[in-house]
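Here is how the chains run, residue by residue.
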Number of protein chains: 4
Amino acid sequence: MNTVAFIGLGNMGGPMAVNLVKAGYTVKAFDLSQAALNHVVEQGAMQAPSACAAAAAADVVITMLPAGKHVRSLYLGDEQNKGIIDVVADGTLLIDCSTIDAESARFVAEQAKAKGLEFIDAPVSGGTAGAAAGTLTFICGGSDAAFEQAQGVLNVMGANIFHAGGPGAGQVAKICNNMLLSVLMVGTSESIQMGIDHGLDPKVLSEIMKVSSGGNWTLDKYNPCPDVMENVPSSNGYQGGFMVDLMVKDLGLSQEAALLSNSSTPMGALARSLYVNHARQGNGKRDFSSIFEQFNKKG
Amino acid sequence: MNTVAFIGLGNMGGPMAVNLVKAGYTVKAFDLSQAALNHVVEQGAMQAPSACAAAAAADVVITMLPAGKHVRSLYLGDEQNKGIIDVVADGTLLIDCSTIDAESARFVAEQAKAKGLEFIDAPVSGGTAGAAAGTLTFICGGSDAAFEQAQGVLNVMGANIFHAGGPGAGQVAKICNNMLLSVLMVGTSESIQMGIDHGLDPKVLSEIMKVSSGGNWTLDKYNPCPDVMENVPSSNGYQGGFMVDLMVKDLGLSQEAALLSNSSTPMGALARSLYVNHARQGNGKRDFSSIFEQFNKKG
Amino acid sequence: MNTVAFIGLGNMGGPMAVNLVKAGYTVKAFDLSQAALNHVVEQGAMQAPSACAAAAAADVVITMLPAGKHVRSLYLGDEQNKGIIDVVADGTLLIDCSTIDAESARFVAEQAKAKGLEFIDAPVSGGTAGAAAGTLTFICGGSDAAFEQAQGVLNVMGANIFHAGGPGAGQVAKICNNMLLSVLMVGTSESIQMGIDHGLDPKVLSEIMKVSSGGNWTLDKYNPCPDVMENVPSSNGYQGGFMVDLMVKDLGLSQEAALLSNSSTPMGALARSLYVNHARQGNGKRDFSSIFEQFNKKG
Amino acid sequence: MNTVAFIGLGNMGGPMAVNLVKAGYTVKAFDLSQAALNHVVEQGAMQAPSACAAAAAADVVITMLPAGKHVRSLYLGDEQNKGIIDVVADGTLLIDCSTIDAESARFVAEQAKAKGLEFIDAPVSGGTAGAAAGTLTFICGGSDAAFEQAQGVLNVMGANIFHAGGPGAGQVAKICNNMLLSVLMVGTSESIQMGIDHGLDPKVLSEIMKVSSGGNWTLDKYNPCPDVMENVPSSNGYQGGFMVDLMVKDLGLSQEAALLSNSSTPMGALARSLYVNHARQGNGKRDFSSIFEQFNKKG
C-alpha cells in the first residue's frame, strides 16, 4: 500500500496529501485547479494527468471533494467519462474523506462492491490546522477488513480514527455529531446570554456550568462569549475556526439524513434555521460561534 | 456558627440536616410534616415548635422549600405571621437552598439587607443520593463575606460550592445550567436516535460523539438510550434519577427568568414545550432522560 | 351610567375618552402626564385631581395602563394610597382595558368582588386608528351581568365586543389570539420567502394560499412581503402598524400564561424567541410584519 | 384533446379518471394494480396494456403517482424501459398531478422540453371527497400556453385551477401552502389548549379568534378541538380527513425544498418534528388535526 492517488487538493486535501508524502508514500495527485496541484507537487507529490490516471496506478485512492454529486460522478463516471471504479486495479482501496450525504456514500460503496472493491467513507474533522498537523479525526464507515487496511494512511493524516459501522456510517456519525455540536453551541450561547442579562459574569457562569450537568465541548474548548477564553474565535472577532457556511452545509446534510430515515430532530432543525438566518444576515464567513450575537445584540 | 435552624425536611432537606448533626452542629429542625420532623429528630436533631422559633435561636438558618412563594412568606412573614427576618438575632446568616425564581431570591435578599442581615440563595443539585452522601453541588448568590461565612455548613453538605455572584445569582446560574442540561438531553436523544434510524449502533455512536465536538455531560454520565451505559436510569426503565416533573419545574423557572430579562432562549423554550408534552403523556414521574422515547417510539 | 372616570390617556386611552365625550358621557379624566390630560380636557373632558377622585364620582371607571403592576396598585392601593376599590360608590362598574397578565386581572377582580364590585377585564385590539375611529375590538372577561352593563360604553368605543368568559378570560383570549397571530405572521413569512427562493412571484403565491388551506388573517389583511398588498406596513418600509416591541410584550404575557397553566406552546415560544432576537437587532419600533426580513435578508 | 391517458388509479386517481369518462373523454387507463384498473374500466375507461401504450395513443397524459422517483422513471424511462416522453406523439400534453419534490418536477419538465413536449406539474388538494365530486384544487407549474391547454381536463376534475408559475412552481406552491397549513394547525391547537387550561370554553375562544387577527383556515373549516365544530374529524375521533402520514410526507417535501433553496423555515421544521413524533406514537393513520392531542393529553 505504498502508492496513493490523492484527488482534491484544497485547503484540507492539500496538507493531507503533503503529510502522506512526508511519511514516505508515493502520492499521485490531481486537482482541477492547477495552482492547488502545483502546491503539493512542490512538496514532493507526482502530478497525474487526470483523476482516473492517478487512481489506475495506485494501491489506495483518497478523495476530498465538496459534495455528494462530485463523489458520485468521480467514482461512478457519467455519460462522457469512466469512473474510478471502472479503472482501478483489483484490490485497490477507496477512501472518500469528503463530508457528503449518507445516501451517496452508501450508493457509491454498493457500486464499488459490485466490482469487488472496498470503499470507505471517512469524513474528517479538525479543520485546516488539524490537516496540516496530521491530527485530524476520521469517522469511518465500511467493512472491518477495509477499515483495518486503511489504518496506515489514516494514521499519517489523523490522530483519532473511529469505525462507526458499515458503508455510510461514517457520514451518518459525523453529521449526528455536528448536528449535536450546533445544538450545544446555540444552547450554550442562549444560556450564557441569559446569565449576562441577569447581571452574571459570563466567565464565572461558564466555569460553573462547565463542571456541572451543563458541561459540554463548547464550554470546554470553544466558548462563544467574547473574552471568556483565550485563543478561541469569540475572543478574536469570530475570525477563523469553522465557518457559519460550513455549519449550514452540515446541518443541511443532517436534515437530509433526517428526511431519509423519517427521524424527528427538533433541536437540529431549529439550529439549522437559526444558522441560515445568521448566514443570510452576512455572517457566512465568520466562525460558527458567532451565533452568540443573535442573542446578544442590543437594538 | 454552631447552631443551625433547618426548615424543610423532605427528601433533600432531611438528609442534609442529618449530615449537619453528624458533623457536630446543633440542629433545630422544623417541618410542617411531623413524620419528616420525627425522622431527623431520631437522628439527633432538636425539634423546634415553629420555623421562627428555630430561627430565633440559631446562628445560621437553612431553608429547603418548594417554591418562591413559600420562601417569601417564611422569611418575610404575612398578615398573620412574622417572618424569619423579623425574629432572628443580629448577625444570623440566612441560607435558602430551595430552587426558586430569581426575582423572589433577590427580593428576600433585599428585605433581609434592609434589616442588616445577610441572605444567600444556594440552590443545590445532586439529588437525594448527593444529599445523603454530602456530595451536593451548591451554586450561591450573595456577598463575598456571606459566602465566606457559609463555607462551614455548606462544605458539610456538599462537595462543590460555587459563588455565582450577588443576590439571586445562585438561582440564575442554576437555571441557566439546568436549561442547558435539558437542551443537551434533547439534542443528544435526537442525534442518537437519528443514528439508530440509519442503522448505527448507539454505543459506537455515543463513544464517537463523547470524545468529539458533540461531547457533553449526558454522553459522559447519563446516556438517554437504553443499554448504552450501565447504572443509569435509561438502562433501568427510566426509574429514579431526576424526574420529568422537576425538569418541567426548572424549565418553567428558566422561562420566567427569560421573560424578566427579555432574553431569547429558543432551545430552552423548545425543550420546555417538549418536556411539558412528555409529562402530559403520563411520564412526569419518570427520569428526564425518558424524553428519548419521544424520538424513539414506533407507531 | 352617565359619568365615566377615565384613567390613562395615552395614544390609546386619549382618543377612547374623547369618543365617550362626543357620545354625551360626562368624562372625569386623569393621567400622570399633564399634557395628555390637557389634550382630552380640550375636547370636553373634565380634569380630575387624582385617579381616586375621578373614580369616586363616577358610575363607570375605565382604565388604560401599561402593565399588571400598575393595574394592581391603582385598583388595590398600596402602603401609601387607597385603591379605586376603596373609594368608589356601591354599584360602580370597573372596566380595565389594559393588556396585562391574566393572573393580575383575576386577582383584582377577586378583590373587587370581595367589596361587592364588578370588575371586567376588557383588553382591546385595533390600534390607535381604531381608538380614534371608535372601531376597537374588546375581548371581555367578567360576569354576564357586568358584561351586559358595560355594553353602553364599550359600543361607543368599539365595533366588536366579545365575552370570553369569567374574570381574566378577556386577557387570556387576547393573548391566545395574539400568540396565534405571531405564529401566522412567522409561518406566512417563511412560506412566502421559500416560494421566492424557488423563483415564485410572492403575489401569485399569496393569492393561491389565501384561498387555500394556508389561508389566514395575515394573507388577507397584512401581507408581510413588500409590494404584495397596498396600504400595509410591509409596503411602507414597515412603518406604522403594530410595533415589534408590543408583539414582544404580548408574547411575554402569553408565555407567562403558559407557565401558569403548565401549557405547552412550542410555536408561540419559538415566535417569542424570534421576535426578541428581531427586537434586539434594532427593529423594536418597526411594524411586527418586518419579521419577514429575518428570512429574506441576503448576506 | 379528446383522448386522455390516465396512469395511477388509486384513491385519488381513480375517481378523477372516472370524472373524465363521465365528461365524455376517451380515457385509456393503466395501473399496476389490476383491481384499481378494473374499477375504472367498469365505469367506462379503456384498459391499456401498459403506461406507455396508453400514453402513445393519447392527446393528454395525466399521471397520479406516489413520489418523485416514480414520476422520473415513468416519464424518462430507465435502463430497461422507454419513458413516456420517448413514445408520445408530438403535441401531447403531459400533466403530472402527483405531489412530489420540486426538483424532480423541474427535471422532468426540462427533459420533456428537450423533446419539444409541454409538461405541467399540477398537484392537487381536496382529498378523496374532492376527487369524487370533481371539486379538487389544482396548483399548476408550466408555460402559459400549456396551462391554457390544460384547462379543459382540469376543469372537469377540479373547481379551482391556479397557475403558480413556470415548471415546478405548482409543486413549490403546494408545499408552501401545506407547510403553512401545518403551522396553522399546530399554532391553533396550542392556542386553544392554553385557553382551555385557563378555563375558557374552546367554542367561545375559537369564535373570537376566528374573526380576529388569529383567524385562519383551521378555525374556519377544521377546528382541531373536539366538539367545537360538527362534521370535522376532531368531532369524529380524528377519523377520515387528511392523514398524519400524508402531512409528514408533505412536510418532508417542504424541508427538501428548503434545503435546495437554502431557506430558513423554523416553524415548518418544528411542525415536521412534532408530526413525526406524533406519527411514531401510533397516530399515522389518524387525521392531521389529531396533533391537538399532543397538547391536550393529561398524564
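For clarity, every value in this text was computed on a predicted model and none was experimentally measured.

*Asks:* Let's hear about the nonpolar core: which residues, and what values?
*Replies:* Ranked by size, the top nonpolar core spans 180 residues in total, and within it Tyr275(A), Tyr275(B), Tyr275(C) and Tyr275(D) carry the most contacts. Here Tyr275(D) is in contact with Ser182(D), Met185(D), Val186(D), Val244(D), Met247(D), Val248(D), Leu251(D), Phe288(D) and Ile291(D), once residues within four sequence places are set aside.

*Asks:* Just give me the short version of the domain arrangement of chain A, but keep the residues and values in it.
*Replies:* Residues and elements named next belong to chain A. Considered domain by domain, chain A is made up of domain 1 (3-167) and domain 2 (172-296). Domain 1 and domain 2 are separated by 30 Å when their C-alpha centres are compared. Across the contact, 11 residues belong to domain 1 and 8 residues belong to domain 2. Across the domain 1/domain 2 interface, buried area totals approximately 810 Å², and carbon plus sulfur atoms make up 67% of it. Among the residues domain 1 hides against domain 2, the three largest losses belong to Thr99, Asp101 and Ile139. Together they make up 45% of the total. Taken together, the links from domain 1 to domain 2 amount to 0 salt bridges. Counting every contact that joins domain 1 to domain 2 gives 4 residue pairs in polar contact (both at pLDDT 80 or more). By residue number, the principal contributor to the side of domain 1 that touches domain 2 is helix α6 (residues 102-114), which donates 3 residues.

*Asks:* I'd like to hear about the interface of chain A and chain D, residue by residue, with values.
*Replies:* Residue-level contacts link 18 residues of chain A with 18 residues of chain D. Where chain A abuts chain D, roughly 1400 Å² becomes buried across the two surfaces, and 50% of that area is made up of carbon and sulfur atoms. Scanning the region where chain A abuts chain D turns up 0 salt bridges. Those elements that place two or more of their residues in the side of chain A that touches chain D are α12 (244-260) and α13 (266-283) of chain A. Broken down by element, the side of chain A that touches chain D gets its largest block of residues, 7 residues, from α13(A).

*Asks:* For the packing of aromatic side chains, give the residues involved together with the corresponding values.
*Replies:* Residue and element names in this part refer to chain B. Per the stated rule, a full pass over the model turns up 16 aromatic pairs over all chains. Aromatic side chains Tyr75 and Phe119 sit 5.2 Å apart centroid to centroid with 90° between the ring planes, which places their arrangement in the edge-to-face category. In this pair, Tyr75 sits in helix α4 (residues 68-76) while Phe119 sits in strand β6 (residues 118-121), placing the two residues 44 residues apart along the sequence. When sorted by exposure, Tyr75 lands in the same class as Phe119, which is buried.

*Asks:* With reference to specific residues and values, describe helix α1 (residues 13-22) of chain A.
*Replies:* Residue and element names in this part refer to chain A. Within α1, 8 of the 10 residues are buried, which leaves the element mostly enclosed by the surrounding structure. Every buried residue belonging to α1 is among Gly13, Gly14, Met16, Ala17, Val18, Asn19, Leu20 and Val21, and all of these are buried. Downstream of α1 by a residue or two, Gly24 has a phi angle that is positive, lying close to 100°.

*Asks:* An account of the state of the cysteines is requested, with residue identities and associated values reported.
*Replies:* Residue and element names in this part refer to chain C. The full count for this structure, using the stated rule, is 0 disulfides over all chains. You can see Cys52 has no disulfide; the closest cysteine sulfur is in Cys97, sitting 18 Å from it. For Cys52, a relative accessible area of 19% puts it in the buried group. For the unlinked cysteine Cys140, the closest cysteine sulfur is that of Cys97, found at 7.8 Å. Accessibility expressed as a relative area gives 1% for Cys140, which makes it buried.

*Asks:* Could you give me a rundown of the relation of the copies chain B and chain A, with the residues and numbers involved?
*Replies:* Note on the copies: chain B fits chain A at an RMSD of 0.0 Å, the axial shift is 0.0 Å, and the rotation between them is 180°. Taken together, the turn and the small shift mark the pair as related by a two-fold rotation axis. No C-alpha of chain B lies nearer the rotation axis than that of Asn216(B), which sits 1.9 Å from it.

*Asks:* Give a detailed account of the relation of the copies chain A and chain D, specifying residues and quantitative values.
*Replies:* Superposition of chain A onto chain D requires a rotation of 180° combined with a translation of 0.0 Å along the rotation axis, giving an RMSD of 0.0 Å. Mapped onto chain D, 100% of the interface residues of chain A are again interface residues, and the two copies thus contact each other with one and the same surface.

*Asks:* Mind laying out the interface of chain B and chain A, listing which residues take part and the relevant values?
*Replies:* Interfaces are often sized by the accessible area lost when the parts come together. On the side of chain A, 53 residues touch chain B, which itself brings 54 residues to the contact. Per-residue buried area on chain B facing chain A is highest for Met194(B), His198(B) and Met267(B); these three make up 16% of the total on that side. Our enumeration of links across chain B and chain A arrives at 0 salt bridges. Taken together, the links from chain B to chain A amount to 18 residue pairs in polar contact (both at pLDDT 80 or more). The dominant element in the side of chain B that touches chain A, judged by the number of residues it contributes, is helix α9 (residues 169-197) of chain B, at 20 residues. Residue classes in the side of chain B that touches chain A are distributed as 32 nonpolar, 19 polar and 3 charged.

Criteria and thresholds
Residues numbered from 1 in each chain as written. Chains lettered and ligands numbered in written order. Predicted model: local features only at pLDDT ≥ 70, side-chain atom pairs only at ≥ 80, totals over all residues. Heavy atoms only, no water. Core = buried A, V, L, I, M, F, W, Y, C linked by side-chain atoms within 4.5 Å. Buried < 20%, exposed > 50% of the residue type's maximum accessible area, 1.4 Å probe, protein only. Contact = heavy atoms within 4.5 Å. Domains from an automatic or database assignment. Buried area = accessible area lost by both parts, 1.4 Å probe. Salt bridge = Lys/Arg side-chain N within 4 Å of Asp/Glu carboxyl O. Polar contact = N/O pair within 3.5 Å; in protein donor to acceptor, adjacent residues only side chain to side chain. Helix = DSSP H or I, 4+ residues; strand = E, 2+ residues; numbered from the N terminus. Phe/Tyr/Trp six-rings, centres within 6.5 Å; stacked < 30°, edge-to-face > 60°. Disulfide = S-S within 2.5 Å. Least-squares fit on C-alpha atoms with pLDDT ≥ 70 in both. Nonpolar A, V, L, I, M, F, W, Y, C, P; charged D, E, K, R; others polar.

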